[in-house]
Amino acid sequence: MASTFSASVNQYVDRAADLLGLEQDIRGLLADPYRQIDVQVPIHADDGSVHTFRGYRVQHNGARGPFKGGLRFHPETDLDEVRALASLMTWKSALLDLPFGGAKGGVTIDPSSLSSRELEAATRSFTHAISGIIGPNADILAPDVNTDARVMGWVMDAYSSQAGWSPAVVTGKPLELGGVPGRVEATGRGVVSITASTLAALGQALTGRRLAVQGFGNVGRHVAQLAAEQGAVIVAVSDVSGGRCAPEGIDIPALLAEAVPGVLLHEVPVGDAITNDELLGLECDVLIPAALENAIDGTNASAVRAPLVVEAANHPITPEADVTLRDAGVTIVPDILANAGGVTGSYFEWTANLTAFRWSEERFNQELLSFLGRAFESVWVRHLEHQVDLRTAAYMVGMARVAEAVRLRGLA
Ligand code: GLU
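Only a predicted model underlies this, so the values are computations on that prediction, with no experimental measurement involved.

## Let's talk about the overall build of the protein
Then comes step 1: On a plain count of helices and strands, the protein comes out with 14 helices and 13 strands.
Then comes step 2: Scaling as 2.2 N^0.38, a compact globule of 412 residues should have a C-alpha radius of gyration of about 22 Å, and the protein matches this with 20 Å.
Then comes step 3: Considered along the principal axes of its C-alpha atoms, the protein spans approximately 55 × 55 × 45 Å.
Then comes step 4: Counting every position in the protein, which comprises 412 residues, the buried fraction comes to 58%.
Then comes step 5: Counted over contacts in the protein with a minimum sequence separation of 6, partners at least 24 positions apart contribute 68%.
Then comes step 6: When the accessible surface of the protein is totalled, it reaches about 15800 Å², and 52% of it is carbon and sulfur.
Then comes step 7: Positive and negative charge centroids in the protein, built from 31 and 48 side chains respectively, lie 6 Å apart.

Okay, here's the thing in structure tokens:
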């Protein structure tokens, strides 16, 4: 049991609960999900046969507002993974002081093996299966690994076909369906802003810092682009196929022109080839894991040479690797702070949908940076006051808010 993903997250929950001196009954409530469902997701495949997948939605804690969190499609996703990620969403939303609880969804499916019609059918089938527990004031979905605006549009339509026009049931939608400009870049923009704030707190500037980015999905590619625009030197990037590197800095506009979504980095003729393992051990100022969970574990943590690691993915470092890195003096900026730009952007989209009001991209980005700046400040202050690492400080801020909401509502 101790090795499961959700048990790993609960180690962090326990540590922060100890430091906050939380009572035993509230601790138990916070460690456990409110509701988890495991549903059948049947579709008619293109050849006419019926394919059946499994789908999950876990609602972790709703004391501060409707459940909120992404939906991922991945061949290896399972209920335990979704449960762990739902818990992270609770602490992330609370840390950003958003009026949301935490949730996550997943379908065990390999989107690259499905046609667009099959993917749409799976999305609709899953949405219908969970439609009784989601809604604009109940549980709001969003993009996550292997899901994008197109998928969110299908979720919105499938739900709305039962409940009536409901754009606020899902965020990260296409602009034409109530999406807001800025949301696609928001997670990456947040990672860059939190990286800059951390460097500034350590007495350094982002300009001229050498960054290595592992993962080139929506988050990794925007981190590389925005950080390069702000003067950072991107020395390496990678995806599942391997990566590209250049000690003097990769020409990111040239790379992005070649590496359009769907093209793997090993096919792109920019910079030199590098493996994912080599990237993790590269000499650089900031390492940014932006791929999947547990990328840095007990086997490769000691290879990391960057003094600062910023978690753009959710849970890219195992608790064991977290200890190894911290013992080696590495500063780790935790996922629930570093990648919170996504759910913060989702909050703006949700409020825009509920009020039927359009936000400009300028206002979106301005508000995003001010929410992230406040969250960074609260974590940094807690870290100094309590002499704890940034992850523990971030959990303490988020958990104290959730625990207080639980108490005030009289749920425990
Ligand atoms: N999937 C993203 C995350 O893990 C965004 C969630 C959301 O916007 O609700 O934070």
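## Some thoughts on the site of the ligand
Then comes step 1: Around the ligand, the surrounding shell holds 14 residues, and the nearest of these are Lys68, Lys92, Pro143, Asp144 and Ser346.
Then comes step 2: Taking Arg183, its side chain carries an N or O atom lying 3.2 Å from an oxygen atom of the ligand.
Then comes step 3: Protein coverage of the free-state accessible area of the ligand, which is 290 Å², stands at 94%.
Then comes step 4: At the level of elements, α3 (79-95) and α12 (341-355) are the ones that each hand at least two residues to the shell around the ligand.
Then comes step 5: The element best represented in the shell around the ligand is α12, accounting for 3 residues.
Then comes step 6: Within the shell around the ligand, the residues separate by chemical class into 4 nonpolar, 5 polar and 5 charged.

## What about the environment of Ser115?
Then comes step 1: Structurally, the position occupied by Ser115 is in the loop between β5 (102-108) and α4 (116-130).
Then comes step 2: When its relative accessible area of 25% is taken as the criterion, Ser115 is described as partly exposed.
Then comes step 3: Counting along the chain gives 196 residues from Ser115 to Glu311, while the straight-line C-alpha distance between them is 32 Å.
Then comes step 4: There is a polar contact of 2.7 Å between the side chain of Ser115 and the side chain of Asp46.

## Describing the sheet that holds strand β8 (residues 233-239)
Sheets are built from strands paired through backbone hydrogen bonds, the pairs being either parallel or antiparallel.
Then comes step 1: Taking strand neighbours across the sheet as the criterion, the 7 strands line up as β10-β9-β8-β7-β11-β12-β13 in an open arrangement whose pairing is mixed. The strands lining the two open edges of the sheet, one partner per strand, are β10 (272-274) and β13 (331-333). Direction aside, the axes of adjacent strands within the sheet are offset by 20° on average.
Then comes step 2: When strand β12 (residues 308-310) meets β13, the two strands line up parallel, connected through 3 bridges. The residue bridging Val309 from the neighbouring strand is Ile332, located in β13.

## Examining the nonpolar core
Looking at soluble globular proteins, one finds that nonpolar side chains tend to be buried together.
Then comes step 1: Ranked by size, the top nonpolar core spans 86 residues in total, and within it Leu30, Leu95, Val237, Leu255, Tyr395 and Met399 carry the most contacts.
Then comes step 2: Looking at this core element by element, the count peaks at 11 residues for helix α14 (residues 390-409).
Then comes step 3: When residues of this core are assigned to domains, at least three fall in each of domain 1 (35-179) and domain 2 (184-338).
Then comes step 4: Beyond its immediate stretch of four places on either side in the chain, Leu255 contacts Phe216, Val237, Arg244, Ile250, Leu265, Val268 and Val270.

## Here we look at helix α5 (residues 149-163)
Then comes step 1: For α5, built from 15 residues, the straight-helix expectation of 21 Å at 1.5 Å per residue is met to within 8% by its first-to-last C-alpha distance of 20 Å.
Then comes step 2: When α5 is considered as a whole, its buried residues turn out to be Val151, Met152, Gly153, Trp154, Val155, Met156, Ala158, Tyr159 and Ser160.
Then comes step 3: Tucked inside the fold, the buried residues of α5 contact β4 (71-74) and α4.
Then comes step 4: Immediately downstream of α5, the backbone of Gly164 shows phi near 90°, a positive value.

## Some points on the pairing of strand β2 (residues 50-61)
Then comes step 1: Sheet analysis places strand β1 (residues 35-44) next to β2, joined by 10 bridges and oriented antiparallel. Across the sheet, residue Ile43 finds its bridge partner in β2, namely His51.
Then comes step 2: Counting the residues between successive antiparallel strands, the hairpin from β1 to β2 contains 5 residues, one of them, Gly48, with a positive phi of roughly 90°.
Then comes step 3: Sheet analysis places β2 next to β5, joined by 6 bridges and oriented antiparallel.

Cut-offs used in this document
- Residues numbered from 1 in each chain as written.
- Predicted model: local features only at pLDDT ≥ 70, side-chain atom pairs only at ≥ 80, totals over all residues.
- Heavy atoms only, no water.
- Helix = DSSP H or I, 4+ residues; strand = E, 2+ residues; numbered from the N terminus.
- Rg over C-alpha atoms; globule rule 2.2 N^0.38 Å.
- Buried < 20%, exposed > 50% of the residue type's maximum accessible area, 1.4 Å probe, protein only.
- Contact = heavy atoms within 4.5 Å.
- Areas by Shrake-Rupley, 256 points an atom, 1.4 Å probe, with all protein chains shown as cover.
- Lys, Arg positive; Asp, Glu negative; His and termini not counted.
- Charge placed at Lys NZ, Arg CZ, Asp CG, Glu CD.
- Near = heavy atom within 4 Å.
- Polar contact = N/O pair within 3.5 Å; in protein donor to acceptor, adjacent residues only side chain to side chain.
- Nonpolar A, V, L, I, M, F, W, Y, C, P; charged D, E, K, R; others polar.
- Pairing = 2+ DSSP bridges.
- Axes fitted to C-alpha atoms, helices over the stretch in contact; angles between N-to-C directions.
- Core = buried A, V, L, I, M, F, W, Y, C linked by side-chain atoms within 4.5 Å.
- Domains from an automatic or database assignment.
- Expected span 1.5 Å × (residues − 1).

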